[in-house]
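So you can see what is in the structure, the chains are spelled out below.
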Amino acid sequence: MILYQQYKHLPAALLLLAGTGLLSCSDKHNAAAPQQQEAPALQAFRLSKASLNSGVQIPGELQAYQQVDLYAKVNSFVKKLYADVGTRVKAGQLLATLEAPELSAQMSAATSRLKSQEAIYLSSKATYDRLLQTSQTPGTISQNDLDLALARQKSDLAQLEAARAAQSEVGVNNDYLQIRAPFDGVITARNVSAGAYAGPSGKGSEMPLFTLQQQDKLRLVVSVPAAYAGAVNDSTGVRFSVKSLPDQQFTAHVSRLAGALDNRLRAQRTEMDVENKNHILLPGMVAEVQLQLRGAGNIFVVPNSAVLQSTEGTFVIKADQQKAIWIPVATGRSDTAQTQVFGELHDGDVIIRNASEEIHKGSSLGKLNIQ
């Protein structure tokens, strides 16, 4: 009311001009308001086939390249030991001597039988030779007597060969009283002492005399799951480490493939040869193995973000005439960035890079940024 009284005497034209100025300021304010920004273009790419070279970490076990349990071949007693746990031995080295008194008696008997058969054979041979010489004079020796003498000589010769074989068998058994290393290695177990009974396994001697392992070369054994078995071959390289040496990395290459899946694990036994001249690796160690898998080059590979995992299944979103088409796919191997996909896909299809359920089936995609 007071303002009205102050300005009621101003001319009407001046009031009109003031009102016009206020309207002009309002228009300038509205013009300065920011315009609504357009939605950013969706990132997309053209599908193409490629190879996926990835790695997978699998536990493995180091095993001795060769390992054998040494038993006594014949029933005997330990006479002397020449090796103990930790002894490094060479092939053919004497490890233990055994004694079996009954073998000495058997050798004496076999030698006596051999000498007896030698004498019998020499006698029958001499008899046949004399008869044969005499028979040169007609009418002195009948043919029947000559044939009987020849048959006796052949029989005695067979008996002589049997006696020689029996003596050789006893001699071989005597050789078994010396236990020797079949290959270079390390004695990892000794289960007997001097005077202990020794014999074949299951006949009073359940434990072996020694366990011998070859450790200058080891086997790294890995069970490769069926999903990766097809990507492993003789040229596949591996890197591995063991917990006791966390600061060291070791390398190897696949040497042997089982060629079949284990019925229990559904995995393929894979072996790598590992040189271990310095013996820092031990049989029985568990290794963390990084298998380098080489993929085929004729499979579609997409970024992991392009694979949509929804309650309806697994999809990639294809752009077709600016419309979103959900394509069902199956996934293969993957790494930290890419995944193999299989489905109704073709070279050159435009695929949304960042798939999301917010992109509804059949919805308009708008502008795409295809890279």
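Everything in this summary refers to the structure shown in the same document. A quick note: this is a predicted structure, and the numbers were derived from the prediction, not measured.

A word on the environment of Ile-58
In this structure, Ile-58 sits in strand β3 (residues 54-70). With relative accessibility at 7%, the residue Ile-58 sits in the buried group. Considered as a pair, Ile-58 and Ser-223 are 165 residues apart in the sequence and their alpha carbons are 7.9 Å apart. Ignoring sequence-local partners within four residues, the contact set of Ile-58 consists of Val-222, Ser-223, Val-224, Pro-225, Ala-287, Glu-288, Val-289 and Leu-291.

Some details on the pattern of salt bridges
Once the charged atoms of two side chains with opposite charge are near each other, the side chains can pair. Going through the model one piece at a time under the given rule, you end up with 10 salt bridges. Glu-271 serves as the salt-bridge partner of Arg-219, at 2.7 Å between the closest nitrogen and oxygen. Remark: Glu-271 occurs in strand β13 (residues 267-275) and Arg-219 occurs in strand β10 (residues 210-225); sequence separation between them is 52 residues. Relative accessible area serves as the criterion here: at 19%, Arg-219 is assigned to the buried category. Note that Asp-349 and Lys-318 form a salt bridge whose closest N and O atoms lie 3.8 Å from each other. Of this pair, Asp-349 sits in the loop between β19 (338-343) and β20 (350-352) while Lys-318 sits in strand β17 (residues 313-320), placing them 31 residues apart in sequence. Via salt bridges that share partners, Lys-217, Arg-219, Arg-256, Arg-269, Glu-271 and Asp-273 belong to a single interconnected network.

So, the pairing of strand β4 (residues 76-81)
Pairing of β4 with strand β9 (residues 197-198) involves 2 bridges; the strand directions are antiparallel. From the neighbouring strand, Ser-76 faces β9, where its bridge partner is Ala-198. Relative to strand β6 (residues 94-99), β4 runs antiparallel, the two being bridged by 4 bridges. Residue pairing across strands places Val-78 opposite Leu-98, the latter belonging to β6.

Criteria and cut-off values
Residues numbered from 1 in each chain as written. Predicted model: local features only at pLDDT ≥ 70, side-chain atom pairs only at ≥ 80, totals over all residues. Heavy atoms only, no water. Helix = DSSP H or I, 4+ residues; strand = E, 2+ residues; numbered from the N terminus. Buried < 20%, exposed > 50% of the residue type's maximum accessible area, 1.4 Å probe, protein only. Contact = heavy atoms within 4.5 Å. Salt bridge = Lys/Arg side-chain N within 4 Å of Asp/Glu carboxyl O. Pairing = 2+ DSSP bridges.

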